[in-house]
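Below, each chain spelled out in residue letters.
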Amino acid sequence: MWLNLKSFDEYEETFEESKEDRLKFWDHEAGTFYWRKRWDKTQSGSFKDANVKWFEGGKLNITENALDRHLNTIGNKTAFIFEPNHPDSFRRTITYKQLHEDVCRFANVLESKGVEKGDRVVIYMAMTPELVISALACARIGAVHSIVFAGFSSQALSERINDCDAKMLITNDGLRRGDKHVPLKDISDEALENSPSVESVIVCQRTNREIDWKEGRDEWWHILIRNASKQHEAVEMDAEDPLFILYTSGSTGKPKGVVHTCGGYMVYTSYSFRQVFQVGAEDVYWCTADAGWITGHSYIIYGPLFNGATGIIFEGTPTYPDAGRLWEVVEKYKVTHFYTAPTAIRALMSYDIDYVKKYDLSSLKVLGTVGEPINEEAWHWYHDHIGGGKCPIVDTWWQTETGGIMISPLAGITPTKPGFATLPLPGVFPTLMDEDGNEIKGNGVQGNLCIKHPWPGIARTVYGDHERYKQTYLSTYEGYYFTGDGCRRDEDGYYRITGRVDDVLNVSGHRLGTAEIENALDEHPKVVETAVVGYPHDIKGQGVYAFMICEGEIKDQEEFKKELLDLVAKIISPIAKPDKIQVVKGLPKTRSGKIMRRILRKIAADDVDNLGDTSTLLDPSVVEDIKEGKAV
Ligand code: WTA
């Protein structure tokens, strides 16, 4: 049993061992943490009964493993480098000791405001150290954090607050993202008009713009923190107590509050971070994600801290002030490990290569990608121009629901292949399923990707709707976790994710539900019915294409499109805005009234020669109509 895999032989050996005795494997891994009381049972429950539990009986506080545990050894090591939106703004570094103090202080503040174990706290903040401190302070007192990406609209924020019945909201006065200003406090005020559960709001200063203030509800972070003690006794949690809720899009209905627990999530994020990235003691690791997504949770906040790594918190964007921004940061901090999304790579590829060449990227050792399939062209550009041809690329496949990376090369250990997430981590057992629900054996095959046995990082439920959890993930194939992704296993047994097989879109690495966008568009008085599909987009990976039936006269198509885009931005977020809108006379429906999205997807992709069987449609002539129409 190898704690730190260092060669492909060790990987293969450990994978076999984990297969022979799964529980022993995870027992061993969990044993590397500090537990106030050791667990009684490694795993119980099953996928079939939707009641998987890990490390039951174990008592811990996750922040003692992220922070306290390191104080005597690496207390003065940098935990985070903060790089602000504008390169000339104030930047700073925070050691493990300082982070521990800040978290303790803020934990005391939260308790003084009456936040208790089990309460929900929504965090809607800029990518600054205070966001991380807020999340960790919640974890320290046993409150459940729910970070909402600070690009979501007031309506989306309000829905999330209401769904989890949050008691407190932590936000900033505003933030700057590139050259844009986002008035977070104004947006929060608007959201809170419809979210009565929130009793108090803590506002952290960032932009110093004028904001409204509600006496008795709103308080400044910097004032509250001033006299707070830097001592705090972490609250003891059960391994299965919830750590956080994170909302993510599904194929139907409103976003789901995916729930992760203290013990299993800790073990899994720490383990996967260590094995995949192979970060050494002196290395500087940078994940460019936003903490509002799972990648930020697992691989900016938790995974790196458990391992005592030095990470970067980046407030900015890849193209501000110019397209060399990321490479400037790599040079400045001598970044060794760089983890980003294919969409960022594709966007940067379209700029002059001089933006890359200007900087010294020789510190880089490992590159990573996450969130969507990476096309070969982008892979090679990343490999050659950023990695100088010498850095392994870890193409990491995972999901909000899996908690951590599931299928990925281990940096420098697993031989890579462009476009392939390659092989599962030891302890993870992927399997491909056919239409009839049978496992597809052998190599050179394709099917729906499922996971066979529970792993510690799996989400335990959808907040307030366990039935939906069961339906979405555990009912399609009984006894298996269904990922919603299609996948190919090639002749070498390597996995290549082909994309979602359900109605979830992946736009610039952001997960969006077609139903959510349709519901938003349907709010327009002229829209009768909408069908949204994804189509291949050079930069975003997938673009959003909306077909809609409208009533009344549309005088100005462009103006109408603008109204619709504003509506989507208001109800969800600017990230969900459709790229193309086509008004149609009818949608291709079956006799039972179901929209045949397969046909719309093909039309959206401009692949109209082979639309397949349309004879089951109620009115096959609508297809011709749509083919002839044009999108704006
Ligand atoms: C997709 C992001 C191909 C996939 C961590 C999955 C990927 C969805 C990869 C989850 C990858 C993630 N290659 N596709 N390396 N990583 N995906 O929940 O479709 O935001 O189901 O989690 O992203 O998105 P989520």
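Please read all numbers here as calculations on a predicted model, not as lab measurements. (Residues numbered from 1 in each chain as written. Predicted model: local features only at pLDDT ≥ 70, side-chain atom pairs only at ≥ 80, totals over all residues. Heavy atoms only, no water.)

1. Thoughts on the site of the ligand
The condition is simple: A cutoff of 4 Å decides nearness: a residue is near a molecule or strand if any of its heavy atoms lies inside that distance of it. The definition of a polar contact used here is a pair of N or O atoms within 3.5 Å, where within protein one atom must be able to donate a hydrogen and the other to accept one, and adjacent residues in sequence count solely through side-chain atom pairs. Surface accessibility follows the Shrake-Rupley procedure with a 1.4 Å probe radius. Residue values consider only the protein chains on display as shielding.
Around the ligand lies a shell of 17 residues, among which Asp395, Thr396, Thr400, Asp485 and Arg511 are the nearest. The separation between a nitrogen atom of the ligand and a polar main-chain atom of Glu372 is 3.4 Å. A distance of 2.8 Å is found between an oxygen atom of the ligand and a side-chain nitrogen or oxygen belonging to Arg500. Contact with the protein chains removes 96% of the 530 Å² of surface that the ligand exposes when unbound.

2. Focus: the pattern of salt bridges
Going by this rule: Should a side-chain nitrogen of Lys or Arg be within 4 Å of a carboxyl oxygen of Asp or Glu, the pair is scored as a salt bridge. Secondary structure elements follow DSSP: runs of H or I no shorter than four residues count as helices, runs of E no shorter than two count as strands, and numbering proceeds from the N terminus. Partly exposed describes any residue whose relative accessible area lies between the buried limit of under 20% and the exposed limit of over 50%, with all areas from a 1.4 Å probe on protein chains only and scaled to the type maximum.
Under the counting rule described, the total for this entry stands at 41 salt bridges. The residue Lys585 makes a salt bridge to Asp625 at a minimum N-O spacing of 3.5 Å. Of this pair, Lys585 sits in the loop between β31 (580–583) and α19 (597–604) while Asp625 sits in helix α20 (residues 621–628), and the two are 40 residues apart along the sequence. For Lys585, a relative accessible area of 71% translates into the label exposed. You can call Asp625 partly exposed: its relative accessible area is 31%.

3. Here's the deal with the packing of helix α2 (residues 22–30) against helix α10 (residues 262–277)
To keep it simple, the criterion reads: Fitted lines through C-alpha atoms serve as axes, helices being fitted only where they are in contact, and the angles separating the N-to-C directions of these axes extend from 0 to 180 degrees. For classification purposes, angles smaller than 35 degrees are called roughly parallel, those larger than 145 roughly antiparallel, those between 65 and 115 roughly perpendicular, and all remaining angles oblique. Residues are treated as being in contact if the distance between any of their heavy atoms lies within 4.5 Å.
Between α2 and α10, the shortest axis-to-axis distance is 10 Å and the interhelical angle comes to 90°. One finds that α2 runs roughly perpendicular with respect to α10. Two secondary-structure elements touch here, α2 through Phe25, Trp26, Glu29 and Ala30 and α10 through Val267, Tyr268, Tyr271 and Arg274.

4. Thoughts on helix α5 (residues 96–112)
What counts here: In this scheme, a helix's expected span is set at 1.5 Å multiplied by one less than its residue total.
When the terminal C-alpha atoms of α5 are compared, their 24 Å separation across 17 residues agrees well with the 24 Å that a helix rising 1.5 Å per residue should span. Within α5 the residues assigned to the buried category are Tyr96, Leu99, His100, Glu101, Val103, Cys104, Phe106, Ala107, Val109 and Leu110. Following α5 by one or two positions, Gly114 has its phi on the positive side, about 85°.

5. Re the environment of Asp503
Structurally, Asp503 can be placed in the loop between β26 (495–500) and β27 (504–507). Separated by 161 residues in the primary sequence, Asp503 and Pro342 place their C-alpha atoms 21 Å from one another. Non-local contacts of Asp503, meaning those with residues more than four positions away in its chain, are made with Gly250, Ser251, Leu512, Gly513, Thr514, Arg597 and Arg601. A distance of 3.3 Å separates the side chain of Asp503 from the side chain of Arg601, its partner in a polar contact.

6. Digging into the UniProt feature "domain: AMP-binding enzyme C-terminal" (unreviewed entry) in the protein
What counts here: UniProt positions are given in the numbering used here, feature names are shortened, and annotations may be inferred rather than shown by experiment.
According to UniProt, the feature "domain: AMP-binding enzyme C-terminal" (unreviewed entry) maps to residues 516–594 in the numbering used here. Taken as a whole, residues 516–594 contains 28% helix and 32% strand, while its terminal C-alpha atoms sit 17 Å from one another.

7. Some details on the pairing of strand β15 (residues 256–261)
For the record, the criterion: Whether two strands pair depends on DSSP finding at least two bridges between them.
Along β15, six of the six residues are buried, which leaves the element largely enclosed by surrounding structure. A two-sided burial pattern is seen for β15, the buried positions comprising Lys256, Val258 and His260 on one face and Gly257, Val259 and Thr261 on the other. Relative to β15, strand β14 (residues 242–248) is paired through six bridges, and the arrangement is antiparallel. In the strand pairing of β15, Phe244 is matched with His260.

8. Some words on the environment of Ser195
By secondary structure assignment, the location of Ser195 is in the loop between α8 (184–192) and β11 (200–204). Classification of Ser195 as buried rests on a relative accessible area of 2%. With 33 residues separating them in the primary sequence, Ser195 and Asn162 have C-alpha atoms 5.9 Å apart. Those residues in contact with Ser195 that lie beyond four places of it in its chain are Ser158, Ile161 and Asn162.

9. Some details on the state of the cysteines
Covalent bonding between the sulfur atoms of two cysteines is what defines a disulfide. Selection criterion: In plain terms, two cysteine sulfur atoms within 2.5 Å form what is called a disulfide here.
As enumerated under the stated definition, the model contains zero disulfides in all. There is no disulfide at Cys204, and the cysteine sulfur nearest it, in Cys138, is 14 Å away. By relative accessible area, Cys204 is classed as buried at 6%. Sulfur of Cys287: no disulfide; nearest cysteine sulfur belongs to Cys391 and is 17 Å away.

10. Brief notes about the nonpolar core
Just so we agree on the cut-off: Buried Ala, Val, Leu, Ile, Met, Phe, Trp, Tyr and Cys residues that are joined via side-chain atoms within 4.5 Å together make up what is termed a nonpolar core.
Counting 116 residues, the largest nonpolar core has Trp35, Leu99, Phe106, Leu110 and Ile170 as its most contacted members. Beyond its immediate sequence surroundings of up to four residues, Leu99 is in contact with Leu67, Ala79, Phe80, Ile94, Ile133, Leu136 and Leu305. Core analysis: the next-biggest nonpolar cluster, separate from the first, contains 50 residues, Ala520, Leu564, Leu567 and Ile581 among them.

11. Examining unusual backbone geometry
Going from Tyr320 to Pro321, the amide bond is cis rather than trans, its omega being -5°. Looking at where Pro321 falls in the secondary structure, it is placed in the loop between β17 (310–314) and α12 (325–333). One non-glycine residue, Asp165, adopts positive backbone phi at about 55°. Checked against the element boundaries, Asp165 lands in the loop between α7 (154–164) and β8 (168–172). A relative accessible area of 48% places Asp165 in the partly exposed class. For Thr422, which is not a glycine, the phi torsion comes out positive at approximately 65°. Summarising the element assignment, Thr422 is placed in the loop between β20 (393–396) and β21 (430–433).

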